[in-house]
Amino acid sequence: MLKRKENIILTKTDAFSDRIVRLARYLQVEKHERILRDQILRSGTSIAANTAESRNAQSRADFISKLSIALKEADETQMWIKKLYVGNYINEKGYESLTQDVVEIIKILTSIIKTSKGLQSPSASNRDSSNP
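Notes on the structure follow. The numbers attached to residues start from 1 for each chain and follow its sequence in the written order. Residue-level local features of this predicted model are given only where pLDDT is at least 70; pairs of side-chain atoms are given and counted only at 80 or more, and the full residue set underlies all totals for whole chains, interfaces and linings. The side-chain quantities take in all heavy atoms of the structure and omit both hydrogens and water.

**Let's talk about helix α3 (residues 60–86)**
Step number 1: Working definition: helices are DSSP H or I runs of at least four residues, strands are E runs of at least two. Numbering for both runs from the N terminus. Take the number of residues in a helix, subtract one, and multiply by 1.5 Å to get its expected span. Here α3 is 27 residues long and its end C-alpha atoms lie 39 Å apart, about the 39 Å a rise of 1.5 Å per residue gives.
Step number 2: As for α3, its buried residues are in contact with α1 (8–29), α2 (35–54) and α4 (92–117).
Step number 3: Note on α3: the residue one or two positions beyond its end, Asn-88, has a positive phi of about 60 degrees. We call two residues in contact when some of their heavy atoms are within 4.5 Å.

Structure (structure tokens):
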């Protein structure tokens, strides 16, 4: 089996996906909630699926596309987490913990996408433009 080096975004999205699966089970068994469960399960696990798919992207554009989909799913998941909290399906501690995790994932994905597109901070681009 091919051994790959550890990748922080893969590790974080996989762990977050596991949390979402456990949350979906809780919503089903304890809260008897199906619609919100299905929504957050779909979007929350899609983050990890698209991030994993990006490892085998056929091009830089394909890599960016897969991570952009993961980013959109992370944004959607953040919204569903808020709805679960507002609807009293999860408590404040759970809401804050899940939100913290998804916001961290959003920040990392955004950074990877920007870097992959060649978007750099103004100070970095100024340094690069001064070097022939």
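Text resumes after the structure shown.
**Regarding the packing of α3 against α4**
Step number 1: Note on geometry: axes are C-alpha line fits, over the in-contact stretch for helices, and angles between N-to-C directions span 0 to 180 degrees. Contact geometry of α3 with α4 gives a least axis separation of 9 Å together with a crossing angle of 160 degrees. In this view, α3 runs roughly antiparallel relative to α4, as classed from their interaxial angle. Between α3 and α4 the crossing geometry is left-handed.
Step number 2: Classes in brief: Ala, Val, Leu, Ile, Met, Phe, Trp, Tyr, Cys and Pro nonpolar; Asp, Glu, Lys and Arg charged; the others, Gly included, polar. A breakdown of the residues in the contact of α3 with α4 according to their chemical character gives 16 nonpolar, five polar and five charged. Relative orientations are named as follows: roughly parallel for angles under 35 degrees, roughly antiparallel for angles over 145 degrees, roughly perpendicular for angles from 65 to 115 degrees, and oblique for any other angle. Handedness of a helix crossing follows the sense of rotation of the near helix relative to the far helix, less than a right angle counterclockwise being left-handed and clockwise being right-handed.

**Comments concerning the environment of Ser-59**
Step number 1: The topology assignment puts Ser-59 in the loop between α2 and α3.
Step number 2: Among the polar contacts listed, one links the side chain of Ser-59 to the backbone nitrogen of Asp-62, at a separation of 3.1 Å. Side-chain atoms alone can form a polar contact between residues adjacent in sequence; in general such a contact is a pair of N or O atoms within 3.5 Å, and within protein one must be able to donate a hydrogen while the other accepts it.

**A look at unusual backbone geometry**
Step number 1: Here His-32, not a glycine, exhibits a phi torsion of approximately 55 degrees, which is positive.
Step number 2: Tracing the sequence through the fold places His-32 in the loop between α1 and α2.
Step number 3: His-32 sits in the exposed class, given a relative accessible area of 67%.
Step number 4: We note that Asn-88 has phi near 60 degrees; this positive angle belongs to a residue other than glycine.
Step number 5: Here Asn-88 is to be found in the loop between α3 and α4. In this scheme, a residue with accessible area under 20% of its type's maximum is buried, one over 50% is exposed, and one in between is partly exposed, where area comes from a 1.4 Å probe on protein chains only.

Any functional reading would require information that these geometric values do not contain.
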